[in-house]
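Letter by letter, the chains look like this.
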Amino acid sequence: MDSEREGIILLLGVTGAGKSYFINQLKKKGPVAERPVREGHTLRSQTSRCQLVQMVLEDDDGDERSISVVDTPGFDDTERPDGEVLAEITEFLATQHALGIPLKGVLYLHKITDNRMTGSSGTYLRLLQSLIGDSAMANVVLVTTMWYMLRDEYEGEGLRRQTQLSEKYWKSLTEKGAGVTKFEGTPESAWSIVRKLAPKEPVVLDYQRQVIEEGRDLIRTNAGNSLLQKLESTKVEYSIRLKDLEDQHDEAIAIGDKAVARDKEREISAAQDVLRRIDKSVAKLGAQPGPRIKEGVARAMKGQAAGRAVTVLAAILNITLFVVQLVVGV
């Protein structure tokens, strides 16, 4: 199997959107010995590193091709700076591009249980647009998840939310060709969504061109700059909050209110932690990974047998690879 008979689909979304659950449903399509990917519905990502599920498809004539879906760490994680998450996604996208494995598209997951689009959701949607670029938008499917968490009587409300997302919040993406679909939470539903992208012509994302072909550092890419603006805005907000908390703490100490002082100390510590994470994110955006990744790929490919591009990708990045064998009429 050569790289032209392989393909990659990238799974993106904020923490808790259901990416690991989607991956686990895909794995149920065939016998897989490894343990399932850990799932979570909290603000802490259960995917600390990218993970691959490779669907090996065999047609009626015995010919094989593969589609690999990669589960990525989520943005907006309480434990991990966004800059670090973007840097890891960069490593994957740049290595995949350097290896010449076709990118079939992107699945962006969004919880239907979210009653409204928060400022954070809007920020990451803009980040998605800057990662992909207009020319590749037809290879994007926006997927609503967590339908199983809605009671039957709220199914209509969920459909109304999806229509609102499509016609309002996602309009700038759908007008450029992005699709919208519903993940029912089953292996069959996960596979049907993957099949929407599998036959498409491969694309190169704007972000990949900027990092690999133009050799930009992350902060000079459209996506990196978009994230930087969000980080700078958040830093201003938390710097003001920290100053207010310190003033309130000093007032509590002055009047001898030890209980309030202790509460403010905890809040001060939390605000300082956010500011440290922001600084760490900004530092990550200063990297220029393109040349290093191209050199690493060239070294890894020496002596490798043809037709093992996805295996080499997993080895270079030290990520978990699950293989699901399917016999389908393709």
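Please read these numbers as outputs of a predicted model, since none were measured by experiment.

**A few points about the overall build of the protein chain**
From N to C terminus, the protein chain includes eleven helices and seven strands. For the protein chain, the accessible surface area stands at approximately 15600 Å², while carbon and sulfur atoms represent 47% of it.

**Overview of unusual backbone geometry**
A positive phi angle is found at M146, which is not glycine, with a value near 65°. Inspection of the secondary structure puts M146 in the loop between β5 (140-145) and α4 (155-169).

**Things to note about the confidence of the model for the protein chain**
Per-chain confidence: the protein chain averages 83 in pLDDT, with 84% of residues scoring 70 or above. For residues 32-48, every residue scores under 50 in pLDDT, and the model assigns this stretch 51 contacts once sequence neighbours within four places are set aside.

**With respect to the nonpolar core**
Across soluble globular proteins, you tend to see nonpolar side chains buried next to one another. If you look at the biggest cluster of nonpolar residues, it comprises 61 residues, and the most contacted ones within it are I8, L52, F92, L128 and I132. If you look at the next biggest cluster of nonpolar residues, it comprises 24 residues, including L11, F22, F183 and V194.

**Things to note about the pairing of strand β4 (residues 103-111)**
Within a regular strand, the side chains alternate between the two sheet faces. Burial within β4 is extensive, with eight of its nine residues counted as buried. In the sheet, β4 pairs with β5 via six bridges, with the strands oriented parallel. Following the sheet pairing, V106 is matched in β5 by V140.

**Thoughts on helix α1 (residues 19-27)**
Taking burial as the measure, the nine residues of α1 include nine buried ones, the bulk of the element. Taken as a whole, α1 has its buried residues at K19, S20, Y21, F22, I23, N24, Q25, L26 and K27.

**Details of the packing of helix α2 (residues 82-99) against helix α9 (residues 258-284)**
Direction vectors running N to C along α2 and α9 enclose 30°, while the axes themselves pass 7 Å from each other. Judged by the angle between their axes, α2 and α9 are roughly parallel. Between α2 and α9, the residues in contact are D82, G83, E84 and A87 and K280, S281 and K284, respectively. Residue composition of the contact of α2 with α9, grouped by class: one nonpolar, two polar and four charged.

**Things to note about the packing of aromatic side chains**
Counted according to the given criterion, the structure contains four aromatic pairs. Note on F75 and Y124: the rings are 5.5 Å apart at their centroids and 20° apart in plane angle, and the pair reads as stacked. Of this pair, F75 sits in the loop between β3 (64-71) and α2 while Y124 sits in helix α3 (residues 119-132), and the two are 49 residues apart along the sequence. By the ring-pair criterion, three or more aromatic residues cluster together here, those being Y21, F22, Y148 and F183. Geometry around W147 places K182 over its ring, the cationic atom sitting 4.2 Å from the centre.

**Observations regarding the pairing of β5**
A large share of β5 lies buried, amounting to six of its six residues. The side-chain alternation of β5 yields two buried faces, one formed by V140, L142 and T144 and the other by V141, V143 and T145. Relative to strand β6 (residues 179-182), β5 runs parallel, the two being bridged by four bridges. Bridging across to β6, L142 finds its partner in V180.

**A word on the packing of α1 against helix α6 (residues 187-197)**
Running from N to C, α1 and α6 cross one another at 100°; their axes reach a closest spacing of 8 Å. Judged on the interaxial angle alone, α6 and α1 are roughly perpendicular. Seen from α1, the contacting residues are F22, Q25 and L26; seen from α6, they are P187, A190, W191, I193 and V194. By residue class, the composition of the contact of α1 with α6 is seven nonpolar, one polar and no charged.

**Some details on the pattern of salt bridges**
Counted by the stated rule, this structure contains 17 salt bridges. When the shortest N-O distance is used, the salt bridge between E184 and K182 registers 3.8 Å. K182 gets classed as buried once you look at its relative accessible area, which sits at 19%. With a closest N to O distance of 3.9 Å, R276 and D273 form a salt bridge. Of the two residues, R276 and D273 both sit in helix α9, three residues apart, roughly one turn of that helix. Residue D273 is classed as partly exposed on the basis of its relative accessible area, which comes to 33%. Salt bridges sharing partners connect three or more residues here, namely E155, K182 and E184.

**Notes on the environment of E267**
Mapped onto the elements, E267 comes out in helix α9. By relative accessible area, E267 is classed as partly exposed at 27%. A sequence separation of 22 residues divides E267 from L245, and the C-alpha atoms of the two residues are 7.3 Å apart. If we skip the residues at most four places from it in the chain, E267 touches R241 and L245.

The rules we used
- Residues numbered from 1 in each chain as written.
- Predicted model: local features only at pLDDT ≥ 70, side-chain atom pairs only at ≥ 80, totals over all residues.
- Heavy atoms only, no water.
- Helix = DSSP H or I, 4+ residues; strand = E, 2+ residues; numbered from the N terminus.
- Areas by Shrake-Rupley, 256 points an atom, 1.4 Å probe, with all protein chains shown as cover.
- pLDDT = per-residue confidence, 0-100.
- Contact = heavy atoms within 4.5 Å.
- Core = buried A, V, L, I, M, F, W, Y, C linked by side-chain atoms within 4.5 Å.
- Buried < 20%, exposed > 50% of the residue type's maximum accessible area, 1.4 Å probe, protein only.
- Pairing = 2+ DSSP bridges.
- Axes fitted to C-alpha atoms, helices over the stretch in contact; angles between N-to-C directions.
- Parallel < 35°, antiparallel > 145°, perpendicular 65-115°, else oblique.
- Nonpolar A, V, L, I, M, F, W, Y, C, P; charged D, E, K, R; others polar.
- Phe/Tyr/Trp six-rings, centres within 6.5 Å; stacked < 30°, edge-to-face > 60°.
- Lys NZ or Arg CZ within 6 Å of the ring centre and 35° of its normal.
- Salt bridge = Lys/Arg side-chain N within 4 Å of Asp/Glu carboxyl O.

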